[in-house]
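The primary structure of each chain is shown beneath.
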Amino acid sequence: MQNIQFPVNFEFKIGTFANDFTATDSGGNVIAYVKQKMFKLKEDILIYNDDSKTKINYRIKADKWLDFSTAYAFFDTKDKEFGKIVRKGWRSIWKASYEIVDESQNIQYHVSEKNAWVKVFDSLLGQIPILSVFTGYLFNPSYVVVDIQRNEIVELKKKASFFGRRFEVAKIGKMDSNDDDRIMLGLMMMILLERRRG
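Before going into details, it helps to say that this report is about the structure given with it. No experiment lies behind these values; they were computed from the predicted model shown.

Re the nonpolar core
Thought 1: Ranked by size, the top nonpolar core spans 43 residues in total, and within it F10 and M188 carry the most contacts.
Thought 2: Looking at this core element by element, the count peaks at ten residues for helix α4 (residues 180-197).
Thought 3: With residues near it in sequence (within four places) discarded, F10 still touches F21, T22, A23, L156, R165, R166, F167, V169, M184, L187, M188 and I191.

In structure tokens, the structure reads:
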């Protein structure tokens, strides 16, 4: 996923048990199809080159069992780990907070939710029959990726849609081209986790 043309859109499938989505660039080209393996005690995510699912470009695996600070490692086609995203334990219960690290375990980026109240209202309204259908239009949380100097790099935002199935990743700062994959894979894993939280 090098030289990505932003904005990138994530669109989840509806009407299936799978938690899968397609990522398309600004030209409408499919740059990845993300498939979460079902009924696994540990997360196992496959990232295909497109929606034909003929070639796996990346894989994301959980480092531990269910744990507040579980890390999700990124692997290339040669099964070599080149980074991971780590959920920041108790801090993420109220407001989503993650770190993206490189292959040497150095922190490169922080990912955090902009406004925790949006998620709270989204979850509360989502518990009410009939009204829950409209939460995707009323409450749209967003997340920002910053580097270690606190410069904003990209923003991921839930777009108004039924069932909260559409998200957009917009580039808002300068991104190191060597980090495209780590940032995108980190956001893909994060949105799978956050979407499940509500």
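What to know about the packing of aromatic side chains
Thought 1: Inspection of the entire model under this criterion finds five aromatic pairs.
Thought 2: Ring geometry for F12 versus F167: centroids 5.9 Å apart, planes at 70°, classification edge-to-face. Pair noted here: F12 is in strand β1 (residues 8-12) and F167 is in strand β12 (residues 166-171), with a separation of 155 residues, a long-range link. Summarising the burial analysis for this pair, F12 and F167 share the class buried.
Thought 3: Pairwise contacts between aromatic rings join F10, F12, F21 and F167 into one cluster.
Thought 4: The ring of F75 carries K61 above its face, with NZ or CZ at 5.3 Å from the centroid.

Some remarks on unusual backbone geometry
Thought 1: With omega at 0°, the peptide bond leading from F6 into P7 counts as cis.
Thought 2: The residue P7 is located in the segment before β1 in this model.
Thought 3: In this model, D79 sits at a positive phi of 60°, which is unusual for a non-glycine residue.
Thought 4: Within the secondary structure layout, D79 lies in the loop between β6 (71-75) and β7 (81-87).
Thought 5: Phi angles above zero are rare outside glycine, and R150 is one such case at about 70°.
Thought 6: Relative to the helices and strands, R150 is located in the loop between β10 (142-147) and β11 (152-158).
Thought 7: Taking relative accessible area as the criterion, R150 reaches 55% and is therefore assigned exposed.

A short note on the pairing of β12
Thought 1: By the bridge criterion, four bridges tie β1 to β12 in an arrangement that is antiparallel. Considered in β12, the bridge of E11 is made with R166.
Thought 2: Pairing between β11 and β12: five bridges, direction antiparallel. The partner of E155 across the bridge, within β12, is A170.

Focus: the pairing of β6
Thought 1: Counting buried residues in β6 gives five out of five residues, a clear majority hidden from the surface.
Thought 2: Judged by which residues are buried, β6 turns out to be covered on both faces: A71, A73 and F75 on one side and Y72 and F74 on the other are all buried.
Thought 3: Where strand β5 (residues 56-62) meets β6, four bridges bridge the pair, whose relative direction is antiparallel. Bridging from a neighbouring strand, I60 pairs with F74 of β6.
Thought 4: As paired elements, β6 and β7 share five bridges and run antiparallel to each other.

Remarks on the pattern of salt bridges
Side-chain pairing between opposite charges can occur once the charged atoms of the two side chains come close.
Thought 1: Under the criterion given, the structure shown has nine salt bridges.
Thought 2: With its nearest N and O atoms 3.6 Å apart, the salt bridge here joins E11 to R166. Taken together, the positions of E11 in strand β1 and R166 in strand β12 put the pair 155 residues apart, joining distant regions of the chain.
Thought 3: The partly exposed category is assigned to E11, whose relative accessible area is 34%.
Thought 4: Close ionic contact of K114 with E155 constitutes a salt bridge, the shortest N to O distance being 2.9 Å. Of this pair, K114 sits in the loop between β9 (107-113) and α2 (116-125) while E155 sits in strand β11, and the two are 41 residues apart along the sequence.
Thought 5: Beyond isolated ion pairs, a larger network of salt bridges with shared partners links E11, R165 and R166.

About the thresholds
- Residues numbered from 1 in each chain as written.
- Predicted model: local features only at pLDDT ≥ 70, side-chain atom pairs only at ≥ 80, totals over all residues.
- Heavy atoms only, no water.
- Core = buried A, V, L, I, M, F, W, Y, C linked by side-chain atoms within 4.5 Å.
- Buried < 20%, exposed > 50% of the residue type's maximum accessible area, 1.4 Å probe, protein only.
- Helix = DSSP H or I, 4+ residues; strand = E, 2+ residues; numbered from the N terminus.
- Contact = heavy atoms within 4.5 Å.
- Phe/Tyr/Trp six-rings, centres within 6.5 Å; stacked < 30°, edge-to-face > 60°.
- Lys NZ or Arg CZ within 6 Å of the ring centre and 35° of its normal.
- Pairing = 2+ DSSP bridges.
- Salt bridge = Lys/Arg side-chain N within 4 Å of Asp/Glu carboxyl O.

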